[in-house]
Amino acid sequence: MPLNLSNLVAALNQFPAYHAIDVFADDLAELQQWPVSPNLQQLDAQGRSFLVTYQGKSFRLEIFPARGVVRLSKDGVPPATTRAVWDGLAGGLVQEAIAAARKQKGDGLLGGVLLGLLVGALLGGAAGDARRVFALTYDRASGQWRAYDGGLLRWMKAQLAVNAG
Amino acid sequence: MVDVVATSALPLLSEPQIDVVVQRYLREMARFEKTAAVVADRLRRELRAEGHLRYLLSFRAKHPDDLREKLRRKSDERDGKYTFEALSHEIGEVVTDLAGCRVVVYTVPDEERVSALVRKIFTLPDRLDAKPPSIRRPSGYQATHTLVLAPEVHDDTSIRGTICEVQVATVAAHLFNELEHDITYKKLGHPATQAEQRLLISVERACKLADHLVEQLLDERARGKAHLTGIADAAELRLALERATARPLNGDFARLFTMLDTVVDPLTPAGLEQLGKPTEILARGQAEALRFGVAADDVIAYVLGILPEYQAEFVLIAAHWRGPKTALRRAIQSAVGPAQRMEQTTGSDDDAVEP
């Protein structure tokens with residue numbers, strides 16, 4: 001059972017100090033459907049960013065196809081009046097991101113562990129500074145996130161922490 | 001008396017003798033070119049193996065015109081080594097820089113390092129002037145010279161025993177050395193005017209200052225790199241914090257390392273600094289420990305010191321530690337209070353996502 005968007009929103013709600021959460025693209029259920037879930041409103045022609053609304057709150061879902069990572073972010077959500085929602089769904093980048101994620105971690109490897117990295121502010125406030133993050137793993141049995149400090153910690157930080165935002 | 005003075009002022013070598021020596025050198029020049037190339041090739045491989053050194057390497061056989069000029073000068077100075085007989089017997093034993101290699105490096109310590117390497121990898125000729133100390137001439141010339149023997153080359157004995165002079169100098173010294181050589185030593189063009197000499201002295205001072213500053217800069221770069229290099233384990237974390245606080249620290253650094261690595265990316269000495277000054281964090285943590293009646297070692301004090309900022313994260317991290325309750329876990333529990341259970345986790349209460 002992969003992650004779904006509500007799991008990502010729950011993590012962001014639980015930890016308000018973080019503005020985004022990064023997960024591997026192939027771990028997100030909504031991206032594995034084709035055409036992508038109607039819950040995702042495409043915000044650009046390339047299909048790089050989507051609008052997600054959950055319990056009255058809006059989030060931005062960004063695809064990083066080369067890294068195989070998707071980011072759900074509280075920031076960068078266009079105001080309702082300026083939203084340019086595209087009709088045609090472009091799934092090319094989503095497929096590319098899923099393929100890249102499988103390549104990064106191997107399809108079905110890592111013992112099926114589901115990883116997420118909460119992304120916060122730069123600690124020093126300047127580009128290149130260390131960033132506040134929180135490494136998480138999703139516990140399927142309890143349906144809850146747990147702190148992750150296992151052997152993949154360094155690897156997951158390197159893979160998941162995309163620079164945007 | 002007059003005759004004696006006149007004789008002692010005579011050059012050692014006549015112009016025809018100098019011609020003979022130079023012509024002979026021209027016939028042998030290929031041997032010196034090859035010696036310089038072989039020495040340079042070996043030196044390049046060794047310097048590459050050193051890895052971290054930045055350098056410029058050049059080599060050459062002495063130009064015949066330069067040899068002629070040097071012979072005239074040495075002859076005028078009546079240098080006892082520069083007799084026609086000695087030069088005719090084996091010119092390379094007298095003029096030891098016919099084959100030459102030059103290594104230009106960034107700093108004086110690198111000059112010393114490379115010179116030591118040269119003296120280690122090559123066989124030195126059995127003569128007193130093979131490895132003179134670093135040259136710091138009154139003229140300002142600065143370099144380290146070493147005479148080495150051409151290394152054995154497979155199936156080729158033509159250069160065996162040939163001497164090559166290896167010069168090592170900093171890039172700043174090299175600039176001055178070249179200017180000084182052209183203006184004072186070679187006496188090309190016209191004798192140096194007073195204004196030229198004054199300016200040359202200024203260039204020398206500037207080059208020495210550059211040597212000093214380059215060394216400082218590279219030291220600072222090395223410190224900066226270490227500052228940004230990731231902390232790999234608990235021991236490195238302890239070292240980084242002890243350096244920052246200038247005192248030994250105690251506590252469970254393995255736990256602290258995993259806690260910080262989970263919430264800071266990348267975890268580096270610079271990243272630690274951005275969390276706050278460790279001395280202030282520790283003082284804050286000790287005050288908190290006192291308030292909660294907790295006995296705090298340094299790790300516990302550090303965690304309590306940053307707990308207000310990372311409370312939710314540390315509670316979740318500590319909730320999943322296995323084994324008996326540690327002092328660190330108890331301290332976190334005391335600080336967050338009974339209202340916040342350590343088993344706190346986060347999940348989703350509703351799987352539905354609204355469009």
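Trainee: Go over the overall build of chain B with me, naming the residues and quoting the values.
Mentor: The number of helices and strands found in chain B is 14 helices and seven strands. Counting only residues that meet the buried cut, chain B has 41% of its 355 residues in that class. The long-range fraction of contacts in chain B, counting pairs at least 24 apart against all pairs at least 6 apart in sequence, stands at 69%. In the form shown here, chain B has an accessible surface area of approximately 19,100 Å², with 55% of it arising from carbon and sulfur atoms.

Trainee: How would you sum up helix H12 (residues 278–292) of chain B? Please name residues and give values.
Mentor: Residues and elements named next belong to chain B. With 15 residues, H12 should reach 21 Å at 1.5 Å per residue; the first-to-last C-alpha distance of 21 Å fits that figure. All of the buried residues along H12 are Pro278, Ile281, Leu282, Gly285 and Ala289. Seen from one end, H12 has its buried residues packed into an arc of 95°, which puts them on one side. Exposed and facing more than 90 degrees away from the buried side of H12 are Leu290 and Arg291. Turning to H12, the residues buried within the fold contact helix H9 (234–245), helix H11 (269–275) and helix H13 (298–319). Phi turns positive, to about 65°, at Gly293, one or two residues after H12.

Trainee: Which residues make up a nonpolar patch on the surface, and what values do they have?
Mentor: Together, Tyr106, Val171, Leu217 and Leu218 of chain B line one region of the surface with nonpolar side chains, adding up to about 320 Å² of accessible area. The residue Leu217 of chain B is located in helix H8 (residues 194–228) in this model.

Trainee: If you had to explain the confidence of the model for chain B to someone new, which residues and values would you point to?
Mentor: Low pLDDT marks regions whose predicted coordinates should not be analysed in detail. Residues and elements named next belong to chain B. Predicted confidence across chain B gives a mean pLDDT of 86, with 88% of residues reaching 70 or more. Mean pLDDT per element in chain B: strand S7 (residues 346–347) is the minimum at 45, and strand S2 (residues 99–105) is the maximum at 96. Here residues 1–6 is a poorly scored stretch, pLDDT under 50, and it has zero contacts once near neighbours within four places are set aside; other chains count. Taken over the whole predicted complex, pTM reads 0.61, whereas the ipTM for its chain interfaces reads 0.83.

Trainee: Report on the interface of chain A and chain B, specifying residues and quantitative values.
Mentor: Counting residues at the interface gives 39 residues for chain A and 34 residues for chain B. Surface buried jointly by chain A and chain B totals about 3,100 Å² across both partners, of which 48% is contributed by carbon and sulfur atoms. The largest contributions to the chain A side of the interface with chain B come from Leu123, Arg132 and Arg154 of chain A, which together make up 17% of the buried area. Along the contact surface separating chain A from chain B lie five salt bridges.

Trainee: Could you give an account of the environment of Glu50 of chain B, naming the residues involved and the relevant values?
Mentor: Residue and element names in this part refer to chain B. Relative to the assigned elements, Glu50 resides in helix H2 (residues 15–50). You can call Glu50 partly exposed: its relative accessible area is 32%. Considering only alpha carbons, one finds Glu50 and Leu117, 67 residues apart in sequence, at a separation of 9.6 Å.

Calculation notes
Residues numbered from 1 in each chain as written. Chains lettered and ligands numbered in written order. Predicted model: local features only at pLDDT ≥ 70, side-chain atom pairs only at ≥ 80, totals over all residues. Heavy atoms only, no water. Helix = DSSP H or I, 4+ residues; strand = E, 2+ residues; numbered from the N terminus. Buried < 20%, exposed > 50% of the residue type's maximum accessible area, 1.4 Å probe, protein only. Contact = heavy atoms within 4.5 Å. Areas by Shrake-Rupley, 256 points an atom, 1.4 Å probe, with all protein chains shown as cover. Expected span 1.5 Å × (residues − 1). Arc of directions from axis to C-beta. Patch = residues over 30% accessible without salt bridge, like charges linked within 9 Å, V, L, I, M, F, W, Y side chains within 5 Å. Salt bridge = Lys/Arg side-chain N within 4 Å of Asp/Glu carboxyl O. pLDDT = per-residue confidence, 0-100. Buried area = accessible area lost by both parts, 1.4 Å probe.

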